[in-house]
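# Working through the structure, step by step
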Amino acid sequence: MKIYPFDKLSNCDLIIDAVYEGGKKGNVGDDPINKLLPVGNQGGFRYAGSLNNLKYVILYTSGENIDWPDTIDTETGIFQYYGDNKKPGHELHDTKKNGNTILKNLFESLHSQESPRVNIPPIFIFKKYPTQNSNRSVQFKGLCVPGTIDKNQLEDLVAIWKTTDGLRFQNYSAFFTILNIAKISRTWLENLNDRIIDSQEEPIVLNKWKKNGKYIPLTSQRTISIRTINEQLPENKIEWKLLEIIYEYFSSDPTLFEYLAAEIYRMTDSKIIIDEVTRGTIDGGRDAIGRIKLGLNDDPIFAEFAIEAKCYNPGVLDKKINTVGVKEVSRLISRIRNRQFGILVTTSAVAKQAYDEVRTDGHPIIFLSGKDIVKILIEKGVNTIPTLKEYLKENYKKST
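The notes below deal with the structure included here. (Residues numbered from 1 in each chain as written. Predicted model: local features only at pLDDT ≥ 70, side-chain atom pairs only at ≥ 80, totals over all residues. Heavy atoms only, no water.)

Time to look at the overall build of the protein chain. Tallying secondary structure elements over the protein chain gives ten helices and 17 strands in all. In terms of overall dimensions, the protein chain is globule-like: its C-alpha atoms have a radius of gyration of 24 Å, near the 21 Å expected for 400 residues. Considering only C-alpha atoms, the protein chain reaches an extent of 70 × 55 × 45 Å along its principal axes. The buried share of the protein chain, taken over its 400 residues, is 46%. Within the protein chain, residue pairs in contact and separated by at least 24 positions form 62% of the contacts whose partners lie at least 6 positions apart. Accessible surface, the protein chain as shown: approximately 21,000 Å² in total, 47% of it carbon and sulfur. Positive and negative side-chain charges of the protein chain, numbering 54 and 51 respectively, have mean locations separated by a distance of 3 Å. (Helix = DSSP H or I, 4+ residues; strand = E, 2+ residues; numbered from the N terminus. Rg over C-alpha atoms; globule rule 2.2 N^0.38 Å. Buried < 20%, exposed > 50% of the residue type's maximum accessible area, 1.4 Å probe, protein only. Contact = heavy atoms within 4.5 Å. Areas by Shrake-Rupley, 256 points an atom, 1.4 Å probe, with all protein chains shown as cover. Lys, Arg positive; Asp, Glu negative; His and termini not counted. Charge placed at Lys NZ, Arg CZ, Asp CG, Glu CD.)

Okay, structure coming up:
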């Protein structure tokens with residue numbers, strides 16, 4: 001991928017997924033975003049101009065905050081971003097960087113009856129992307145606008161409650177659409193700084209959205225539908241520790257893991273119904289069975305599925321990784337009846353050959369790996385070692 005060196009940043013265009021390197025001095029002056037656009041060198045929310053007259057906004061995410069997991073769906077172009085009231089003791093909009101106030105104003109303008117979108121500035125997304133030269137390097141993820149095609153004004157900006165050390169507080173969950181724009185010209189960035197209105201350099205897609213509200217997202221189809229083993233396993237130390245706790249808890253009673261596997265899949269969609277965790281009452285390959293509701297609530301149809309659970313070592317407790325292979329996957333495939341699909345849930349990962357055969361042959365199998373299990377639990381608030389241990393103890397009691 002394209003990497004722009006730190007000393008060249010002030011003259012760079014912004015290219016989707018290009019990396020912009022930070023400096024090497026070891027202080028806040030190494031920040032590359034402030035070299036690209038003068039917005040200061042710290043914080044997830046940054047902006048140029050005043051709160052009432054913004055030139056543009058920068059949304060920066062490390063992608064590492066386990067309590068507030070910002071996510072970018074590169075296939076749909078949807079960006080979920082959390083506000084900046086991330087600790088107890090403050091009102092929703094009482095934040096140092098005014099990030100939640102900015103979010104409130106952006107979405108109020110989006111849904112305004114009189115002049116929608118008029119006061120919404122360009123919003124640029126950057127994500128932490130350490131390089132060999134600098135830990136402060138970032139990747140440009142796109143130009144976005146508030147809202148999405150499929151979320152209404154009750155869903156695109158939501159104040160959610162969380163609890164830390166018994167103290168309750170609110171923060172925003174906001175959804176943005178990354179527009180189908182591959183390049184942001186340096187000339188337009190300079191125009192924004194100079195407050196030149198109706199610049200010829202303004203991207204056409206952004207202009208159309210400002211005029212008629214039409215979202216044209218930057219969607220992309222995965223060229224590789226097979227995740228590597230590394231892509232199926234945790235990304236950071238905290239996630240690894242959570243996965244280790246899960247594996248260690250169930251390793252002495254793998255059949256108990258079938259209940260967690262079924263619950264993990266149920267957590268992914270409110271329309272999923274788990275009918276039975278079989279616990280050996282049916283031949284291998286069907287550890288749980290259920291249905292997913294499709295269509296209208298008044299006239300639904302149901303697609304049946306079978307779940308296979310594999311509590312395999314993901315490479316923790318000083319042991320080698322034990323991946324799910326062709327034999328286990330073939331067993332699940334053989335148990336799937338006509339018009340059914342299968343879900344294989346494992347604390348480890350699916351081996352390349354097994355993954356490849358399923359995707360190449362078009363078998364209707366969903367894989368949920370160790371990383372998936374951890375991330376699903378984190379989204380549900382089971383995101384620390386104490387809360388995970390308590391969750392497992394309360395919900396999956398071991399036989400004595």
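Structure's up, so let's keep going.
Below, the discussion takes up the packing of aromatic side chains. One pass over the full model with this rule turns up 19 aromatic pairs. Ring centres of tyrosine 4 and tyrosine 20 lie 4.9 Å apart, and the angle between their planes is 5°; on these two criteria the pair is classed as stacked. Separated by 16 residues along the polypeptide, tyrosine 4 in strand S1 (residues 3-4) and tyrosine 20 in strand S3 (residues 19-20) bring together distant segments of the chain. Assigned by exposure class, tyrosine 4 and tyrosine 20 land together as buried. Where phenylalanine 305 meets phenylalanine 341, the ring centres are 5.4 Å apart and the plane angle is 45°; that geometry is what we call tilted. One end of the pair, phenylalanine 305, is in strand S15 (residues 299-310); the other, phenylalanine 341, is in strand S16 (residues 341-346), and 36 residues separate them in sequence. Using a relative accessible area of 1% as the deciding quantity, one classes phenylalanine 305 as buried. (Phe/Tyr/Trp six-rings, centres within 6.5 Å; stacked < 30°, edge-to-face > 60°.)

What follows is about the environment of isoleucine 336. Structurally, the position occupied by isoleucine 336 is in the loop between helix H7 (326-335) and S16. Residues isoleucine 336 and glutamate 304 lie 32 residues apart in sequence; the distance between their C-alpha atoms is 9.4 Å. Setting aside residues no more than four positions away along its own chain, isoleucine 336 makes contact with Phe341, Gly342, Pro364 and Ile365.

Viewed as axis vectors pointing N to C, H7 and helix H8 (residues 352-361) meet at an angle of 30°, and their least axial separation amounts to 8 Å. Taken as axis vectors, H7 and H8 run roughly parallel relative to one another. Where H7 approaches H8, its residues Val326, Val329 and Ile333 are matched on the opposing element by Gln353, Ala354, Glu357 and Val358. For the contact of H7 with H8, a count of residues per class yields five nonpolar, one polar and one charged. (Axes fitted to C-alpha atoms, helices over the stretch in contact; angles between N-to-C directions. Parallel < 35°, antiparallel > 145°, perpendicular 65-115°, else oblique. Nonpolar A, V, L, I, M, F, W, Y, C, P; charged D, E, K, R; others polar.)

As a further point, take the side chain of lysine 310. Of note, lysine 310 is situated in strand S15. Other than its neighbours up to four places away in sequence, lysine 310 contacts Phe257, Val324, Glu328, Arg331, Val345, Thr346 and Thr347.

Moving on, we come to the side chain of aspartate 156. By secondary structure assignment, the location of aspartate 156 is in the loop between strand S9 (138-146) and strand S10 (157-164). No salt bridge is formed by the buried aspartate 156; its nearest oppositely charged neighbour, lysine 151, is found at 9.0 Å. Among the polar contacts listed, one links the side chain of aspartate 156 to the side chain of histidine 111, at a separation of 2.8 Å. (Salt bridge = Lys/Arg side-chain N within 4 Å of Asp/Glu carboxyl O. Polar contact = N/O pair within 3.5 Å; in protein donor to acceptor, adjacent residues only side chain to side chain.)

So, about the sheet that holds strand S17 (residues 365-368). Ordered by their spatial adjacency, five strands build an open sheet running S13-S14-S15-S16-S17, and the pairing between neighbours is mixed. Two strands bound the open sheet, and with one partner strand each, they are strand S13 (272-277) and S17. The sheet shows a mean angle of 25° between the axes of neighbouring strands, direction not considered. Sheet analysis places S15 next to S16, joined by six bridges and oriented parallel. Its bridge partner lying in S16, alanine 309 is registered against valine 345. Where helix H6 (residues 257-267) meets the sheet, its contacts fall on S13, strand S14 (288-296), S15, S16 and S17, and the angle it forms with S15 comes to roughly 140°. Here H7 sits on the sheet and contacts S15, S16 and S17; the angle it forms with S15, its principal contact strand, is near 150°. (Pairing = 2+ DSSP bridges.)

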